[in-house]
Amino acid sequence: MIETTSIPVNRIQRQRGADGEGSVQFQMDPTVKIGTAKVFAVYGKGGIGKSTTSSNLSVAFSKLGKRVLQIGCDPKHDSTFTLTKKLMPTVIDALETVDFHAEELRLDDFVFKGYNGVMCVEAGGPPAGTGCGGYVVGQTVKLLKEHHLLEDTDVVIFDVLGDVVCGGFAAPLQHADRALIVTANDFDSIFAMNRIVQAIGAKAKNYNVRLGGVIANRSDATDQIDKYNAVTGLKTMAHFPMLDEIRKSRLQKCTLFELEPTPAVKAVQDEYMRLAAALWLGADPLPSIPMKDRDIFDLLGFD
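Rules of the game
Residues numbered from 1 in each chain as written. Predicted model: local features only at pLDDT ≥ 70, side-chain atom pairs only at ≥ 80, totals over all residues. Heavy atoms only, no water. pLDDT = per-residue confidence, 0-100. Helix = DSSP H or I, 4+ residues; strand = E, 2+ residues; numbered from the N terminus. Contact = heavy atoms within 4.5 Å. Pairing = 2+ DSSP bridges. Expected span 1.5 Å × (residues − 1). Buried < 20%, exposed > 50% of the residue type's maximum accessible area, 1.4 Å probe, protein only. Axes fitted to C-alpha atoms, helices over the stretch in contact; angles between N-to-C directions. Parallel < 35°, antiparallel > 145°, perpendicular 65-115°, else oblique. Nonpolar A, V, L, I, M, F, W, Y, C, P; charged D, E, K, R; others polar.

Visitor: Lay out the confidence of the model for the chain with the relevant residues and their values.
Guide: Looking at the chain, the pLDDT average stands at 84 and 83% of residues meet or exceed 70. When the elements of the chain are averaged for pLDDT, strand β1 (residues 12-14) gives the smallest value, 40, and helix α1 (residues 50-63) the largest, 97. Within the model, pLDDT remains below 50 along residues 1-17, and this stretch shows 41 contacts once partners closer than five positions in the same chain are excluded. Scored below 50 in pLDDT, residues 21-26 makes 29 contacts in the model with residues more than four places away or belonging to other chains.

Visitor: Before we move on, can you summarise the pairing of strand β6 (residues 119-122) with the specific residues and values?
Guide: Taken together, the 4 bridges between strand β4 (residues 68-73) and β6 define a ladder with parallel strand orientation. Bridge pairing in β6 places leucine 69 opposite methionine 119. Counting the residues in the hairpin turn of strand β5 (residues 112-113) and β6 gives 5 residues, including asparagine 116, whose phi is positive at 55°.

Visitor: Account for α1, with residues named and values stated.
Guide: The periodicity of an α-helix, 3.6 residues per turn, causes residues three or four places apart in sequence to face the same way. If you check α1, its first and last C-alpha atoms are 20 Å apart, about what 14 residues at 1.5 Å a residue would give, namely 20 Å. Taken across its 14 residues, α1 has 13 buried, putting it largely inside the fold. Among the residues trailing α1, glycine 65 stands out with phi positive, at a value near 90°.

Visitor: Summarise the packing of α1 against helix α8 (residues 263-281); cite the residues concerned and give the values.
Guide: Two elements in contact, α1 and α8, have axes whose closest approach is 8 Å; the angle formed by their N-to-C orientations is 70°. Between α1 and α8, the crossing angle belongs to the class labelled roughly perpendicular. Only Tyr272, Met273, Leu275, Ala276, Leu279 and Trp280 of α8 make contact with α1, whose side of the interface consists of Thr52, Thr53, Asn56, Leu57, Ala60, Phe61 and Lys63. Looking at side-chain class alone, the contact of α1 with α8 contains 9 nonpolar, 3 polar and 1 charged residues.

Visitor: Outline the sheet that holds strand β7 (residues 155-160), supporting the account with residue identities and numerical values.
Guide: What the 8 strands build is an open sheet, ordered β5-β6-β4-β7-β3-β8-β9-β10; its pairing is mixed. Pairing within the sheet leaves two strands with one partner each, and these edge strands are β5 and β10 (236-239). Sheet topology places β4 next to β7; 6 bridges connect them, and they run parallel. Residue pairing across strands places glutamine 70 opposite isoleucine 157, the latter belonging to β7. Running at roughly 170° to β7, α1 makes contact with β3 (38-44), β4, β7, β8 (178-183) and β9 (210-216) of the sheet. Together, β3, β8 and β9 form the strand contacts of helix α5 (residues 187-203), whose direction differs from that of β8 by roughly 170°.

Visitor: If you had to explain unusual backbone geometry to someone new, which residues and values would you point to?
Guide: Located in the positive-phi region is aspartate 99, a residue other than glycine, with phi close to 55°. Its identity as a non-glycine residue notwithstanding, asparagine 116 has a phi of 55°, on the positive side. Within the secondary structure, asparagine 116 sits in the loop between β5 and β6. For asparagine 116, a relative accessible area of 40% puts it in the partly exposed group.

Quick look at the structure:
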C-alpha cells in the first residue's frame, strides 16, 4: 500500500476475522468517540438522493428542537449545499491551509451554520487514487471532538458516498448508532443496498452500529423493496415519491422545508418530520441478513 505525503494515511491494517476474512480496514482511534449524540449514517447507491435525504432529515430534526450536525463524507462536498446555499470548504481544504497542523485550525474554518441552525461540515476526501476516505472521516471527528462541538450536539448525520467497497468508506459505521439505507424501487439500488447490509453486518461484530431501516426514495411503488425486505427482515421507515419539487429543491439550493407548501410538498415535509420523530424515539435494530448476489437476480423483477 502506498501512503501519500500530503495526507498521512495511517492505521490501515490487514485483519483476519474482524471485518471480514483477510480484509484491509481503516482503524479508527478507539479513544475518539462522539459522545451522547444520536448518530445516524446514511448510505445508498450513488445518485440515489442521500444528500437530499440527509439535509431534509437534518432540518426535520432541527424543527423538533434538536441541535443537529451534518457531516458530508464525499469528495464532491455537496452534501450540505442546500443548507448553506453554496459549496463550503472541506476539512481537507482547511488542513491543507495549515500544512496539516490540525492544532492551528479554528472551528469556523470548517464548520458552517446552515438553514434553521443545522451545523454543516464537509469532510471532503483525498485526491483520486492517493489515499483512504477513512482517514478523512477520522480526522473530522477528531477535530470536532477537540473543539467541543460534539458536546453541544443532539443528532449527528453522516452522509456517506455511494456503494461501500472498502473499510474507509465504511468508517462512519464505526461511530453510528444506526445506519439508514436510501434506495429506489429498482434492481441496481437494491443490489447496492444488499452490499451495504453486508458492510453493516461486518461492522456490527466490533462496533455498536446496527441497521435502522430503509428509506424508499424517488419511487411511487415499493413492490421490489417490499420483496427484498420480506426475505431479509428489513423494514421501510419512510417513503418519498418521484416528486419533481424534490428535484427542483436542489436546483434552487434549498431544502424542501423552504418551498411553498403545496399539498404534495407538505406531504413530503410531514413524512420527514414523522421519520425524524421515530428515529429520535429510537427503534429496535433490524437483523442484517444479506442475500447472495444470484438470489437477488432470482427474486427481483419477476411476478
